Amino acid sequence: MRTLPVLLEKEFRLFFRSPFLPKVVVLFPLMIMLVIPWVTTLDVRHIDVAVVDGDHSRTARRIIHKIEASEYFSLRGVEADYAAALRRLEAGEVDAILEIPYRFERNLTARSSEPVHIAANGVNAIKGSLGGQYLAAVVRESIAERIRELGGEDSAEGLVVVQNRYNPTLDYRFYMIPALMIMLLVMICGFLPALNLVGEKESGTIEQINVSPVGRWSFALAKLIPFWVIGLIVLGLVMIVARLLYGLAPEGSIAAIFLAAALFIFTMSGLGLGIANRSANMQQTMFVMFFFVMLFILLSGLVTPVESMPRWAQGLTRILPPRYFVDAMRALYLKGASIADLWVNYAALALFALAVNGWAALSYRKQL
Amino acid sequence: MVGDVAIRVEGLVKRYGAVTALDGVGFEVRRGELFGLIGPDGAGKTTLFRLLATLLTPDAGRAEVDGCDIVREARAIRSRVGYMPGRFSLYADLSVEENLAFFAALFGVSVRDNYGLIEPIYRQLEPFRTRRAGKLSGGMKQKLALCCALIHRPSVLLLDEPTTGVDPVSRSEFWEMLARLRSEGISILVATPYMDEAQRCDRVALCDRGRLLAVETPDGVVASFDGVLYALSGREMFGLLAAARAEAGVEACYPFGAVHHLRVAREFDPERFRRRLLAEGFHEVGIRRVEPGIEDVFIKRMEHE
């Protein structure tokens, strides 16, 4: 432990002397935060719709009107028959067709009407399925209104009011920004320590360290601590950007966020170090790291919700540290949860941090 | 048990998969001795150094450095040994003085403590104190590496090909420094592929393909050469090599600098050979008796293996 300050001083000196690293840890997060929230949106807008109106009733006009008025849809024309509309769908001019059958309104009150037919282009699965659902919602709404006007009883759908809690406008950005923060921590705190260590292997400098009396824990800590500090600074930086640029301030306490982030950073940097200890060169390190990062990003609920995964995959996410962090970050940021609410996540992250760092320190061998 | 032995190696074996890098090597380096390991690339020199520096563990055999076993007492060895790997392995982005201060601090000493030991070497580096180590010339890098390996005043110095890739003047200076360090009582094991450097050692070990061929003083090595040696020169060097190899009394012929060395049988008549070569159309043929060097011994020993 006596040598730890010496090693740390060297690490920081080399970090700031590098022509590349200090810039990367500032510019890379800024780039990500400035650009990615605008482009990774799952909100589908401007769905091109063709309507086949076989009814020409007030209900039909109301539906068409609603489609025209909505910013989710662009009405590309009202066709005389389905075949004409289908040709436009095939040509790619429209994403969805809404067909209102003959005598739709008249049969409405009798509740025996032929159903409204929606055909959506499924090539772009997200646009197709969301477009279809949006259209169905518009039709349901119009029908309910019409039935009320006609003095009929309120249909059940009219009573269903969906309100999105915690992210009232369902702004996808608010969902993505905490996820981006996590990705940044994965990249910076996972890759940098790994590359740093394997760089010492490639340049041969580690041989000089290995023949010195430096202890395993001092060595491991000297490699980890700089990236803990850098990770927390980067997190602070992106939180400020999120607040200033996107108006997203954490609902929960900042201390709780930093505690969760610190535990996660310990885990990631320990993982990077352990992998570098066991690899001989950059390629090996990078490849194995990418493997883990892919798993972490795709299996942790970062982009797709864990709940929609198959059961076995949900089980798998439980052994991945980011799952607990993703969960905690969203709850802290959007729901204003407290450490007490999330104690399971904190405990899991702390366990991962201990286990991974223990493994990393033990996998450091002075002998080749 | 320490006594006057700095390094004791007994039956050391190291394998990398199917390759045997060291095949039962044994020798001793006395305290205060400058001991040379001479051998071509792939002889196992680097493996031996890594074993002695505790970077590797042997598959069989044992070794002691400064009285400490390289496996059981690896920790103790690390603070008593100065190791300079064959490849430059200081921090290229740290300056000369930062590297030195860093390695001193790692061993828990300050540069000032042992400055006297490195002063003659470091004086030459002084003008480049603030230059980054990666930007030094090859010779300067080696001097800095030697300073860093010495800064904790080790009792044993392990130098793996310290002069490879260094210009002749710097090489010569480097060996002068080693002689001075020996006079300070530091035992030195140094590897080199240059036969001329062997002459500067107290004793040398000739090694090839993981085995030691001989352990001797440089003069003893040369004296052990029991053949007759001639140097052959001429205008058509390549043709001469083939002609000499075809000659009956010639045991071996190999290029040696600007001439060919011929190891010959007792009954060999150089003058008759020269006249015949001239008659065969070779020009400016010269042949003269020469004293063997370590390299000649080495080549002969390698043939007998």
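Residues numbered from 1 in each chain as written. Chains lettered and ligands numbered in written order. Predicted model: local features only at pLDDT ≥ 70, side-chain atom pairs only at ≥ 80, totals over all residues. Heavy atoms only, no water.

1. A short note on the domain arrangement of chain B
Residues and elements named next belong to chain B.
(1) Moving on: By the assigned domains, chain B splits into domain 1 (5-222) and domain 2 (225-304).
(2) Moving on: Placing the centre of domain 1 and that of domain 2 at their C-alpha centroids yields a distance of 37 Å.
(3) Moving on: On the domain 2 side, the residues contacting the 15 residues of domain 1 number nine residues.
(4) Moving on: Between domain 1 and domain 2, roughly 1000 Å² of surface is buried when both sides are summed, and carbon and sulfur atoms account for 75% of that area.
(5) Moving on: Looking only at domain 1, the three residues that lose the most surface to domain 2 are Met195, Leu213 and Val222, adding up to 51% of its buried area.
(6) Moving on: At the surface where domain 1 touches domain 2, the tally comes to zero salt bridges.
(7) Moving on: Counting across the interface, domain 1 meets domain 2 through two residue pairs in polar contact (both at pLDDT 80 or more).
(8) Moving on: Elements supplying a minimum of two residues to the side of domain 1 that touches domain 2: helix H7 (195-198), strand E9 (203-208), strand E10 (211-216) and helix H8 (218-223).
(9) Moving on: Each residue belonging to the side of domain 1 that touches domain 2 can be placed in one class, and the counts come to 11 nonpolar, two polar and two charged. (Domains from an automatic or database assignment. Contact = heavy atoms within 4.5 Å. Buried area = accessible area lost by both parts, 1.4 Å probe. Salt bridge = Lys/Arg side-chain N within 4 Å of Asp/Glu carboxyl O. Polar contact = N/O pair within 3.5 Å; in protein donor to acceptor, adjacent residues only side chain to side chain. Helix = DSSP H or I, 4+ residues; strand = E, 2+ residues; numbered from the N terminus. Nonpolar A, V, L, I, M, F, W, Y, C, P; charged D, E, K, R; others polar.)

2. What to know about the sheet that holds strand E6 (residues 81-84) of chain B
Residues and elements named next belong to chain B.
(1) Moving on: Spatial strand order, E6-E7-E8-E3-E9-E10: six strands in an open sheet with mixed pairing. Each of the sheet's edge strands pairs with one partner strand only, and the pair in question is E6 and E10. Direction aside, the axes of adjacent strands within the sheet are offset by 15 degrees on average.
(2) Moving on: As paired elements, strand E7 (residues 156-159) and strand E8 (residues 187-192) share four bridges and run parallel to each other. Residue leucine 158 lies in a different strand from E8, and its bridge partner there is leucine 189.
(3) Moving on: Strands strand E3 (34-38), E6, E7, E8 and E9 of the sheet are contacted by helix H1 (residues 45-52), whose axis makes an angle of about 150 degrees with E8. (Pairing = 2+ DSSP bridges. Axes fitted to C-alpha atoms, helices over the stretch in contact; angles between N-to-C directions.)

3. Here we look at a positive patch on the surface
(1) Moving on: The grouping of Arg216, Arg278 and Arg365 of chain A together with Arg75 of chain B at the surface amounts to a positive patch.
(2) Moving on: Position of arginine 365 of chain A among the secondary structure elements: in the segment after helix H15 (343-362).
(3) Moving on: Residue arginine 365 of chain A is classed as exposed on the basis of its relative accessible area, which comes to 51%. (Patch = residues over 30% accessible without salt bridge, like charges linked within 9 Å, V, L, I, M, F, W, Y side chains within 5 Å. Areas by Shrake-Rupley, 256 points an atom, 1.4 Å probe, with all protein chains shown as cover. Lys, Arg positive; Asp, Glu negative; His and termini not counted. Charge placed at Lys NZ, Arg CZ, Asp CG, Glu CD. Buried < 20%, exposed > 50% of the residue type's maximum accessible area, 1.4 Å probe, protein only.)

4. Remarks on the interface of chain A and chain B
(1) Moving on: Counting from both sides, the interface comprises 24 residues of chain A and, opposite them, 26 residues of chain B.
(2) Moving on: Across the chain A to chain B interface the summed buried area is about 2500 Å²; carbon plus sulfur atoms make up 60%.
(3) Moving on: At the junction of chain A and chain B, the tally comes to three salt bridges.
(4) Moving on: With its nearest N and O atoms 2.1 Å apart, the salt bridge here joins arginine 50 of chain B to glutamate 207 of chain A.
(5) Moving on: Joining chain A to chain B, the criterion identifies 11 residue pairs in polar contact (both at pLDDT 80 or more).
(6) Moving on: Secondary structure elements with two or more residues in the side of chain A that touches chain B: helix H1 (4-17), helix H8 (172-203) and helix H9 (205-210) of chain A.
(7) Moving on: Per-element accounting of the side of chain A that touches chain B gives the leading share, six residues, to H1 of chain A.

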